[in-house]
Amino acid sequence: MTTYTFPENFLWGAAASGTQTEGATNKANESIWDLWHRLSPDRFYNGIGSQLVNDTYSRYKEDVQLMKQLGFNSFRTSFQWSRLIKDFETAEVCPDAVEFYNNYLDEMIANGIEPMINLYHFDMPAELQEKYGGFESKKVVDLYVKYAVKAFELFGHKVKYWITFNEPIVPVEGGYLYDFHYPCKKDGKLAVQVGYNIILAHAKAVHAFHKLALKDSKIGIVLNLTPSYTRSDSEEDNKAAWYADLLFNRSFLDPMVKNQIPQELCEVLNEQRIIPETTAEEIEVITSAKVQFLGVNYYVPRRVKAREAKYELDYFTPEVYFENYINPDGRFNPYRDNNEILPKAIYDIAINVKENYGNIPWFLAEIGIAMDIVSEGEPDGNGVIDDSFRTDLMKEHLVQLHKAIEEGANCFGVHQWTFIDNWSWINSFKRRYGFFRLDLETGNRIPKKHGLWFKDLAKTGTFHE
Ligand code: BGP
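One structure accompanies this document, and this report is about it. Here the structure is a predicted model, which is why all the values come from computation and not from measurement.

What follows covers the packing of aromatic side chains. Enumeration according to the criterion identifies 55 aromatic pairs in this entry. Ring geometry for W81 and Y147: centres 5.1 Å apart, planes at 5°, overall stacked. Residue W81 is found in helix 4 (residues 81-84), and its partner Y147 is found in helix 7 (residues 138-155); the two are separated by 66 residues along the sequence. Comparing W81 with Y147, the two get one shared label, buried. Every member of this aromatic cluster is reached through a ring pair, and the members are Y4, F6, F10, W12, F72, F75, F419, F435, F436, W453, F454 and F463. Above the face of the Y347 ring, K403 is positioned so that its terminal group lies 4.0 Å from the ring centre.

So this is what it looks like as C-alpha cells:
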C-alpha cells in the first residue's frame, strides 16, 4: 500500500455555481437560463429548469454545516449577476441579494470555510442578451466590469479568492458553435468575437480589481483545460492535436495567464476570415492583466485525428482542422455518456502549467466523477449511498496529481464538482456528481459513502492506495 500526502494548507472542498444551486427565490432579474427554460423547456433533460434546484437561497445555513461535516476548508460558488444587480446600466444592487450573499459568506467564514467567488458561470442576464447580444457587444463588456467592481467593493473584505469567469470558452462553444447554450447561434465569426470580448471583460475586471488594492485578496481565472491526444504519432495527427490545443486551450490560457495572444492563433483566424474587432488599446489591456492564480477544471480528455472526411458545415468550428476520435483502447465511464476516463491527463495538465505557464499557483477547481442515480443505487440501512466507483476513480486522478506535485507542480488545492448533486444546464439532473444526493421530491440531502472517504482526506491530507 502506498500513502499519498498532499502539501500542508492544501485547499479541500467542492465547487458549485449560483445558477445551479440557489434557486429563483427573490431573484431580481432573469438570466438566459431562466429565459431559455421558459421559452423551450424541451431543451432540458426531463424538462427541469433551475427555478428551485438546491434552494441554497433558503437552506445555506444547513448546507454550510454539511460542508463542515465533510471537512471542507474552502468552497467555490458564483454570484449571479442577474441576482446581485437590479439595474445593469447603473449597477444598482438588489438589497435582498446583498443580504443573502453577505449571510452566505459570513456563514462559511464563521465555520472555517474559505469562500472562493466566481463572477460569471455561463449566466448572462437575459435582458443584456436580448438588448445587446450579451458578450457579442462591447457595451456588455463594460457592464460586466461595473458589476465586478460592485462585487469587489461590497464583498472584497470577505472574499480572498476572486475568479472572473468559469470556463470562458464554454459559452462560446455552447452559444455560438454547437448549440447547447442560449442564444443557440451557429456562427464562427461571432463566436470568435464573443471569445475575444470575454477575454477583454476578464482583463478589464482584473485591472479594476488591482486598482482597488484589496488587502489579502487575489484574482484568478478558471479554465477547462483538455489535453489533446492523437490517434497516432504521424505528422498529420500531431498537427491535428496542435490545432485542437491552440483553439481550445491556448486561445484562453495564453492571453489570460501568460498575457500573450498566440501569433499562430491570429494566423488561423486570418486564414478563416474570422478576425474579431479589436483596438490597440484593448490588446494592451489584455496583455497586461495579471492573474494571481489559475483554476483548472478537468473531466475528460480530447482525442483527435487528422481530418479524413470533408468538413461539411458552412460556418467555422475548430473541427475544420481535425476530427474527434474514440480511442479503441480507452476506458470509458458508462454513467457519463461513455466518456473516456484518463487520470493521466491531470499529470499532463500540471506539467504543462509548470513548464509553459511559469508554474503559476493553481488548483484543481473541478474534478467530477459522474454517475447516474440508478448506478448509485438506493441508500443502505444506515441511509448512506454506496458510490465507491467514484472514490476509486478519484483516487486514480489524485495519484496523478500527487506525482505532478512531487515533480514541482504548484498546485494548492482540490475541489470536487460538486458538493450536493446540482442542476447542470441542459443536462439538468441527468448526471450526479455530489457528495450528497439531492432528492428532487423532498429536497433532502442524502449522504454518499465517498464523502466519508473525502472527509478523512481533508482532515489528514493523506490517502492510501
Ligand atoms: C462543468 C461546469 C459545471 C458543471 C459540470 C458538469 O463544465 O463548469 O457548471 O455543469 O461541467 O456538467 P454536466 O452535468 O453537464 O456533466
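Structure's up, so let's keep going.
This part takes up empty space enclosed by the protein. Leftover empty space is mapped by rolling, across the atoms, a probe with the size of a water molecule. Here the structure, examined in full by the defined rule, presents five cavities of 30 Å³ or more. Put simply, the largest cavity is a space of about 130 Å³. Surrounding the largest cavity, 15 residues form its lining, Y299, N333, I341, G368 and I369 being those nearest its centre. Elements supplying a minimum of two residues to the lining of the largest cavity: strand 14 (339-341) and helix 15 (388-406). Among the elements that line the lining of the largest cavity, the one with the most residues is strand 14, at three residues. Tallied by class, the residues present in the lining of the largest cavity amount to nine nonpolar, four polar and two charged. Put simply, the second largest cavity is a space of about 100 Å³. Every residue lining the second largest cavity is counted, 14 residues in all, and those nearest its centre are Y120, Q129, P171, Y176 and Y182. Listed by contribution, the elements that provide at least two residues to the lining of the second largest cavity are helix 8 (169-176) and helix 9 (188-212).

Here G49 lies in the loop between helix 2 (32-39) and helix 3 (56-69). Judged by relative accessible area, G49 falls into the buried class, the value being 7%. Each C-alpha atom, one on G49 and one on W33, is 7.8 Å from the other, the two residues being 16 residues apart in sequence. Apart from the residues lying within four places of it in its own chain, the contact partners of G49 are H37 and W423.

The next subject is the layout of surface pockets. A volume near 1,300 Å³ is recorded for the largest pocket. As for the largest pocket, its lining consists of 42 residues, of which E173, F180, V300, R336 and R431 are closest to the centre. Put simply, the parts of the chain that give the lining of the largest pocket at least two residues each are helix 8, helix 10 (235-258), strand 10 (293-298), strand 11 (302-305) and strand 14. Top element by residues in the lining of the largest pocket is helix 8. It accounts for three residues. The calculated volume of the second largest pocket comes to roughly 480 Å³. Considering the residues around the second largest pocket, the lining is formed by 27 residues, among which V192, Y196, S251, L265 and L269 are closest to the centre. By residue number, the principal contributor to the lining of the second largest pocket is helix 9, which donates six residues. Tallied by class, residues from the lining of the second largest pocket come to 22 nonpolar, four polar and one charged.

A separate point is the sheet that holds strand 8 (residues 218-224). Strand order in the closed barrel made by the eight strands is 2-3-6-7-8-10-15-16, with parallel pairing throughout. Pairwise comparison of adjacent strand axes, ignoring direction, gives a mean angle of 25° for this sheet. Bridge count for strand 3 (residues 74-78) against strand 6 (residues 114-118) is five bridges, and the pairing is parallel. Bridge pairing in strand 6 links S78 to N118. Along the sheet, helix 10 makes contact with strand 8 and strand 10, crossing strand 8 at roughly 170°.

Moving on, we come to the sheet that holds strand 11. With respect to topology, three strands assemble into an open sheet ordered 9-11-12, the strand pairing being mixed. Among the strands making up the open sheet, the edge pair consists of strand 9 (228-230) and strand 12 (323-324). Taken together, the three bridges between strand 9 and strand 11 define a ladder with parallel strand orientation. When the bridges of strand 11 are listed, S228 appears paired with R302. Sheet strands touched by helix 10: strand 9 and strand 11. Its angle to strand 11, the strand with the most contacts, is close to 135°.

Cut-offs applied
- Residues numbered from 1 in each chain as written.
- Predicted model: local features only at pLDDT ≥ 70, side-chain atom pairs only at ≥ 80, totals over all residues.
- Heavy atoms only, no water.
- Phe/Tyr/Trp six-rings, centres within 6.5 Å; stacked < 30°, edge-to-face > 60°.
- Helix = DSSP H or I, 4+ residues; strand = E, 2+ residues; numbered from the N terminus.
- Buried < 20%, exposed > 50% of the residue type's maximum accessible area, 1.4 Å probe, protein only.
- Lys NZ or Arg CZ within 6 Å of the ring centre and 35° of its normal.
- 1 Å grid on protein atoms, 1.4 Å probe; cavity = no way out; pocket = protein on both sides within 12 Å on 5 of 7 lines; lining within 4 Å.
- Points joined across faces, edges and corners; volume = space filled by probe spheres on them.
- Nonpolar A, V, L, I, M, F, W, Y, C, P; charged D, E, K, R; others polar.
- Contact = heavy atoms within 4.5 Å.
- Pairing = 2+ DSSP bridges.
- Axes fitted to C-alpha atoms, helices over the stretch in contact; angles between N-to-C directions.

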